[in-house]
Amino acid sequence: MKAFILPLLALFAPVALHATVYTVSNNGYPAQYGTIDEGINAASDGDTIYISGSGTVYAATTLSKSLTLIGETAFAPAGSFSATLSYLYLEPGAEYCHVVGLNFNSTVYVDCDNVVIERCKVDGYINVGGSDIRNGLVIRHCYLDMVYLNDMTNAIIANNVFVDNNYSYMIT
């Protein structure tokens, strides 16, 4: 049995190990791309896009690939900037997407399965739903206003701070 499994693993290992990291910056810092959409267009499923902090908000983005989006920080210290997007739409095809360390000044709309959103700041809300029942959402360590779960199963919402109408809630 071992003689069969080892050659099979050797055959598929190069496919699993071929992920690329792309950099995006709209503030003049060296990067491969100036917009998130350019980075997404260049990327393939399984790749990572690192988004530099900036004083300029990145444009609304629609994602239909299984990528990891990493922002420089959602909570920038005084004198520096976070990576802020105006809007993010995760449409079918973005299954297994991982969103980390981004600041959103509007909505994050999730219309696909198995999405992880962590260490983000959402000044609007996260809306999960669409035409099909969605499965496998994880939202953790975020600071946000609201989460709408429409036709959702198997959601984990943990260690977040919810702020709405001058009230703060912490759900653990």
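Going by the structure above, here's the rest.
One structure accompanies this document, and this report is about it.

1. A look at the overall build of the chain
Here is step 1: Per the secondary structure count, the chain includes 2 helices and 16 strands.
Here is step 2: A total of 172 residues make up the chain; the buried ones form 38% of that total.
Here is step 3: Contacts spanning at least 24 positions in sequence make up 29% of the contacts within the chain whose residues lie at least 6 apart.
Here is step 4: With the model as given, the accessible surface of the chain reaches about 9200 Å², and the carbon-plus-sulfur share is 57%.

2. Observations regarding the sheet that holds strand E2 (residues 48–51)
Here is step 1: Spatially, the 7 strands line up as an open sheet ordered E1-E2-E4-E7-E10-E12-E14, and their pairing is parallel. Strands with a single pairing partner mark the edges of an open sheet, and in this sheet they are strand E1 (21–24) and strand E14 (152–158). Averaged over all adjacent pairs, the angle separating strand axes in this sheet is 10°, with direction ignored.
Here is step 2: Two strands pair when backbone bridges link them, and E1 and E2 are joined in this way by 4 bridges, in the parallel orientation. Bridged to Val21 within E2 is Thr48.

3. Some remarks on the packing of aromatic side chains
Here is step 1: The tally for this structure, following the rule as stated, stands at 4 aromatic pairs.
Here is step 2: Between Phe75 and Tyr143, the ring centres sit 6.2 Å apart and the planes meet at 90°, which makes this aromatic pair edge-to-face. Here Phe75 is found in the loop between strand E4 (68–71) and strand E5 (84–85), whereas its partner Tyr143 is found in strand E13 (residues 143–149), with 68 residues between them in sequence.
Here is step 3: Classification of Tyr143 as partly exposed rests on a relative accessible area of 32%.
Here is step 4: Ring geometry for Tyr89 and Tyr109: centres 5.1 Å apart, planes at 35°, overall tilted. Of this pair, Tyr89 sits in strand E6 (residues 88–90) while Tyr109 is found in strand E9 (residues 108–110), placing the two residues 20 residues apart along the sequence.

4. Points about the side chain of Thr61
Here is step 1: Assignment of secondary structure puts Thr61 in strand E3 (residues 61–63).
Here is step 2: Residue Thr61 is classed as buried on the basis of its relative accessible area of 1%.

5. Observations concerning unusual backbone geometry
Here is step 1: Of note in this structure, Asn154 is not a glycine but carries a positive phi near 55°.
Here is step 2: Among the structural elements, Asn154 can be located in strand E14.
Here is step 3: With relative accessibility at 58%, the residue Asn154 sits in the exposed group.
Here is step 4: Positive phi, normally seen in glycine, also occurs at Asn159, with a value near 55°.
Here is step 5: Inspection of the secondary structure puts Asn159 in the loop between E14 and strand E15 (160–164).

6. Observations concerning the side chain of Thr48
Here is step 1: You can see Thr48 is positioned in strand E2.
Here is step 2: Residue contacts for Thr48: discarding those within four places in its chain leaves Thr20, Val21, Tyr22, Thr68 and Ile70.

Thresholds, definitions, all that
- All residue numbers refer to position in the chain's written sequence, counted from 1.
- At least 70 in pLDDT is required for a residue's local features to be given in this predicted model, at least 80 for side-chain atom pairs to be given and counted, and no such filter applies to totals for whole chains, interfaces and linings, which use all residues.
- Calculation of side-chain values draws on the structure's entire complement of heavy atoms; hydrogens and water are dropped beforehand.
- Helical segments are the DSSP runs of H or I of at least four residues, strand segments are the runs of E of at least two, and each set is numbered from the N terminus.
- Only protein chains enter the accessibility calculation, which uses a 1.4 Å probe; a residue whose area is less than 20% of its type maximum is buried, one above 50% is exposed, and one in between is partly exposed.
- Only heavy atoms enter the contact rule, under which two residues are in contact if any of them lie within 4.5 Å.
- Here the open area of atoms and residues is found with the Shrake-Rupley method and a 1.4 Å probe, where only the protein chains shown may cover a residue.
- Whether two strands pair depends on DSSP finding at least two bridges between them.
- Lines fitted to C-alpha atoms define the axes, with helix axes restricted to the stretch in contact, and inter-axis angles between N-to-C directions lie between 0 and 180 degrees.
- Centre distance within 6.5 Å is the pairing criterion for rings of Phe, Tyr and Trp, where only the six-membered ring of Trp is used; planes under 30 degrees apart are then read as stacked, over 60 as edge-to-face, and the remainder as tilted.

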